[in-house]
Amino acid sequence: NAGVMQNPRHLVRRRGQEARLRCSPVKGHSHVYWYRQLPEEGLKFMVYLQKENIIDESGMPKERFSAEFPKEGPSILRIQQVVRGDSAAYFCASSPEQGRGIAGELFFGEGSRLTVL
Amino acid sequence: QKEVEQDPGPLSVPEGAIVSLNCTYSNSAFQYFMWYRQYSRKGPELLMYTYSSGNKEDGRFTAQVDKSSKYISLFIRDSQPSDSATYLCAMSASGAGSYQLTFGKGTKLSVIP
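This structure is a prediction, so every number in the text was calculated from the model and none was measured. (Residues numbered from 1 in each chain as written. Chains lettered and ligands numbered in written order. Predicted model: local features only at pLDDT ≥ 70, side-chain atom pairs only at ≥ 80, totals over all residues. Heavy atoms only, no water.)

Caption draft 1: Layout of the sheet that holds strand E1 (residues 4-6) of chain B. Residue and element names in this part refer to chain B. Strand order in the open sheet made by the five strands is E1-E3-E8-E7-E6, with antiparallel pairing throughout. Either end of the sheet is taken by a strand with one partner, and the two such strands are E1 and strand E6 (54-58). Between one strand and the next, the sheet's axes are offset by a mean angle of 15°, whatever the strand orientation. Judged from the five bridges that link them, E6 and strand E7 (residues 61-66) form a sheet pairing that is antiparallel. Each bridged residue has a counterpart across the sheet, and for Asn55 the counterpart in E7 is Gln64. (Pairing = 2+ DSSP bridges. Helix = DSSP H or I, 4+ residues; strand = E, 2+ residues; numbered from the N terminus. Axes fitted to C-alpha atoms, helices over the stretch in contact; angles between N-to-C directions.)

Caption draft 2: Broad picture of the pattern of salt bridges. Residue and element names in this part refer to chain B. The full count for this structure, using the stated rule, is eight salt bridges over all chains. For Glu57, the salt bridge goes to Arg77, with nearest N and O atoms at 3.4 Å. In this pair, Glu57 is assigned in strand E6 and Arg77 in the loop between strand E8 (71-76) and strand E9 (85-93), connecting sequence segments 20 residues apart. For Arg77, a relative accessible area of 29% puts it in the partly exposed group. Salt-bridge contacts for Arg60 lead to Asp83; the nearest nitrogen and oxygen are separated by 2.8 Å. (Salt bridge = Lys/Arg side-chain N within 4 Å of Asp/Glu carboxyl O. Buried < 20%, exposed > 50% of the residue type's maximum accessible area, 1.4 Å probe, protein only.)

In structure tokens form, the structure reads like this:
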């Protein structure tokens, strides 16, 4: 029973390094969403992707952050030149299709916790 | 004013108690209202999902939405120690952007045996 799989679960990086977080959606789901949970804050939407397309990246910082969902393989959230403020839990969610009422059909993974030293 | 306000607690209750959790919001465009449960170091798990105003019941859980007051509630009856978790309210507008959930900060609940 494969839900949303995220790895690594924990990642430690020094300032200036790169972080790559991976997400494999629920089998059969073609829509992926990334959310970030900063300490003492609620989850915040970052980006919505379909296979080979970025649909909405309005919640993603303009610099250093990028996301992709290739035709084959997992979705990747990439953070370049990490800073301490990037320390957070990054959650991936997937859904079978995008449409009305999709809000209740987002399945979340267990998250990747990034710590920047 | 934040879009979604949720008392972070912590909230501690004895086993068997009725628990009331709530959120207020300011965006009148929100049409979908959800409650997620998040155990420590885990991902959010959808508990209840409601469209527009009204009540919805599922076992020991009841979700209420009052759009006129911009206020949503989750009630847990006969609370169990296994209910100890952080409860997140979330909401979104209808239509193509409904995947953009706006979350509260979460209320940490402990149910004491």
